[in-house]
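Structural overview
So the chains spell out like this:
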Amino acid sequence: MNFQNTKEFAQELDRSDELKKYRNEFSFPQINDKDVIYFTGNSLGLQPKKAKEYVDEVMEDWASLAVEGHFYADKPWWDYHERFCQPLSEIVGGKPTEVGVMNTLTVNLHLLMVSFYRPSMKKYKIICEEKAFPSDQYMFQTQVDFHAKNVGFDPKEAIVEIKRREGENNIRIEDVLEKINEIGEELALVLIGGVNYYTGQVFDIQRITEEGHKVGAYVGWDLAHAAGNIELKLNEWKVDFAAWCSYKYMNSGPGNVSGFFVHEAHHNDKELSRFAGWYGHNKERRFLMEPQFDPVQGANGWQISNLPVLSLAPYLASVEMFAEVGMKKIIKKRNLITSYLEFILHEIDKEIEGAEFEVITPVSQEERGCQLSVYLHGQGKELFHFLMKNGVVTDWREPNVIRLAPVPLYTSFEDIYNFGQILKRGICD
Ligand SMILES: *Cc1c(COP(=O)(O)O)cnc(C)c1O
């Protein structure tokens, strides 16, 4: 498509946008009495209006039914979490028995590592990405230290980071595959972010998973920036396990619960260790309070505690919206609106003397989702503050990168045009 940097053109794209009605399903913060242009849905998604309704429903059931709500609420609490299995499985490309919701992201990754990282002296290495999200780095370090003490391997040898090549912004897939083969039998686990939080690079989950399996390693994915953003086929790709937070693209609310996936190939594996709790116990027999743990068949056998229903409620509202729209339409609009944003950035770049934007996110639509990370050469943090004051919510990462995520469910093409105009003023002023 030949894009134009005009308001009329942007409005025309909005008119033919299949998802345009969803914008009105969200609450926007106001700056200068106007809805903000919200580019930080990769950090905390906007609130779906339905979320409040779903939370109120639980509050009312709690008030009027108290403990009876576990069984007699309209959406009974004792198996409320099972309402996620079907819609979430569609979003991540798994079977309903392979997905669940519980805890929070880092906690779930730790728990899944209990099952999928059981190192020995011969097989103890973990491959991850260089500059992984800090929480993931702390997780790797502490998991490795925990096991190294018992098993006896050198913890300093255990974590292998895949690095970017000198002068390049993104990690090359061939470097990941090569490293997997180089480490070979010593490799216990590959655990990478499906979409890098800083650059927005999307990894080839299928190929990396396949290669990891060839050397006998487990392969798991942190899908924090992937769930609700890119196409996933976790079952078909034979991913061993994955987890994602729900508050980024999935719009469930601050710090909210995490989704997780365990491939069906592992559901009956008695050798896998896991940390158990009563909500992972056989559903029919859960309340018999038996001493012997008999796990639920499927991902929900990894559950531990009874679930925070008040937290699940807004997530359920959001998941139902995703299931209604379907990832196909979301991805179609994502590709168009992200390309439009890229076009606008390049137009402003051409128009203004001295501006130089370097998009460090891959150019190919196969290798990016809806985030563009932009290196603003010669610009300081004042620009970020200017954008904020003028109603554009972005985020700033040192030294001078802004991350822009035009989320398909609620960003309009006119937002992108308006952003370009504000950006231009910010640089010229
Ligand atoms: C956002 C994010 C997290 C956050 O983890 P929490 O446990 O939910 O605080 C972890 N890893 C990655 C890659 C993220 O992007």
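Here is what the cut-offs are and how they apply
Residues numbered from 1 in each chain as written. Predicted model: local features only at pLDDT ≥ 70, side-chain atom pairs only at ≥ 80, totals over all residues. Heavy atoms only, no water. Pairing = 2+ DSSP bridges. Helix = DSSP H or I, 4+ residues; strand = E, 2+ residues; numbered from the N terminus. Axes fitted to C-alpha atoms, helices over the stretch in contact; angles between N-to-C directions. Contact = heavy atoms within 4.5 Å. Expected span 1.5 Å × (residues − 1). Buried < 20%, exposed > 50% of the residue type's maximum accessible area, 1.4 Å probe, protein only. Domains from an automatic or database assignment. Buried area = accessible area lost by both parts, 1.4 Å probe. Salt bridge = Lys/Arg side-chain N within 4 Å of Asp/Glu carboxyl O. UniProt positions renumbered as here; feature names shortened; annotations may be inferred.

We now examine the sheet that holds strand E17 (residues 401-404). The 4 strands lie next to each other as E13-E14-E17-E16, forming an open sheet whose pairing is antiparallel. Every other strand in the sheet has two partners, leaving strand E13 (356-359) and strand E16 (395-397) as the edge strands with one partner each. Ignoring which end each strand starts from, the neighbouring axes of this sheet average 30° apart. Alignment of strand E14 (residues 372-377) against E17, held across 4 bridges, turns out to be antiparallel. Along E17, the bridge assignment pairs Leu372 with Leu404. The strands that helix H11 (residues 327-351) touches are E13, E14 and E17; relative to E13, the one it contacts most, it runs at about 155°.

Turning our eyes to something else, we now look at helix H5 (residues 105-116). The end-to-end C-alpha distance of H5, which contains 12 residues, comes to 16 Å, matching closely the 16 Å that a straight helix rising 1.5 Å per residue would cover. Burial analysis of H5 places 9 of its 12 residues in the buried class, the great majority of the element.

Turning next to the domain arrangement of the protein. Its domain assignment divides the protein into domain 1 (7-47 + 327-428) and domain 2 (75-325). Taken over C-alpha atoms, the centre of domain 1 sits 30 Å from the centre of domain 2. At the junction of the two partners, domain 1 supplies 36 residues and domain 2 supplies 24 residues. Summed over both partners, the interface of domain 1 with domain 2 comes to about 2400 Å²; 57% of that surface belongs to carbon and sulfur atoms. Sorting the residues of domain 1 by area buried against domain 2 places Tyr22, Met327 and Ile360 first, and these three jointly supply 23% of that buried surface. Taken together, the connections running from domain 1 to domain 2 amount to 0 salt bridges. Elements represented by at least two residues in the side of domain 1 that touches domain 2 include exactly H11 and E17. Here the element with the most residues in the side of domain 1 that touches domain 2 is H11; it accounts for 5 residues.

Another aspect to go through is the UniProt feature "binding site: pyridoxal 5'-phosphate" (unreviewed entry) in the protein. Residues annotated in UniProt with the feature "binding site: pyridoxal 5'-phosphate" (unreviewed entry) correspond here to Leu105, Thr106, Phe133, Pro134, Ser135, Asp136, Asp222, His225, Tyr247, Trp278 and Asn306. Of the residues just listed, which span 202 residues, the most distant C-alpha pair is 31.5 Å apart, and they do not cluster in one region. With respect to the helices and strands, the residue Thr106 is situated in helix H5. With near-sequence residues (within four places) excluded, Thr106 lies in contact with Ser135 and Met139.

Our focus in this paragraph is the UniProt feature "modified residue: N6-(pyridoxal phosphate)lysine" (unreviewed entry) in the protein. According to UniProt, the feature "modified residue: N6-(pyridoxal phosphate)lysine" (unreviewed entry) maps to Lys248 in the numbering used here. Among the secondary structure elements, Lys248 is positioned in the loop between strand E11 (241-245) and strand E12 (258-262). Assessed through its relative accessible area of 8%, Lys248 is described here as buried. Contact partners of Lys248, with chain neighbours within four places excluded, come to Gly41, Asn42, Ser43, Leu44, Gly45, Ala224 and His225.

Applying the stated rule across the entire model yields 24 salt bridges. Asp56 is the salt-bridge partner of Lys52, the closest N and O atoms lying 3.5 Å from each other. Taken together, the residues Lys52 and Asp56, both in helix H2 (residues 49-65) and 4 residues apart, mark about one turn of the helix. By relative accessible area, Asp56 is classed as partly exposed at 29%. Between Arg164 and Glu130 there is a salt bridge; the shortest N-O distance is 3.1 Å. Here the residue Arg164 occupies a position in the loop between strand E8 (159-162) and helix H8 (173-183), and Glu130 occupies one in the loop between strand E7 (125-129) and helix H6 (134-151), the gap between them amounting to 34 residues. Here Arg164 and Glu130 have matching classes, each one buried. Overlapping salt bridges bring together Asp79, Glu82 and Lys283 as one network.

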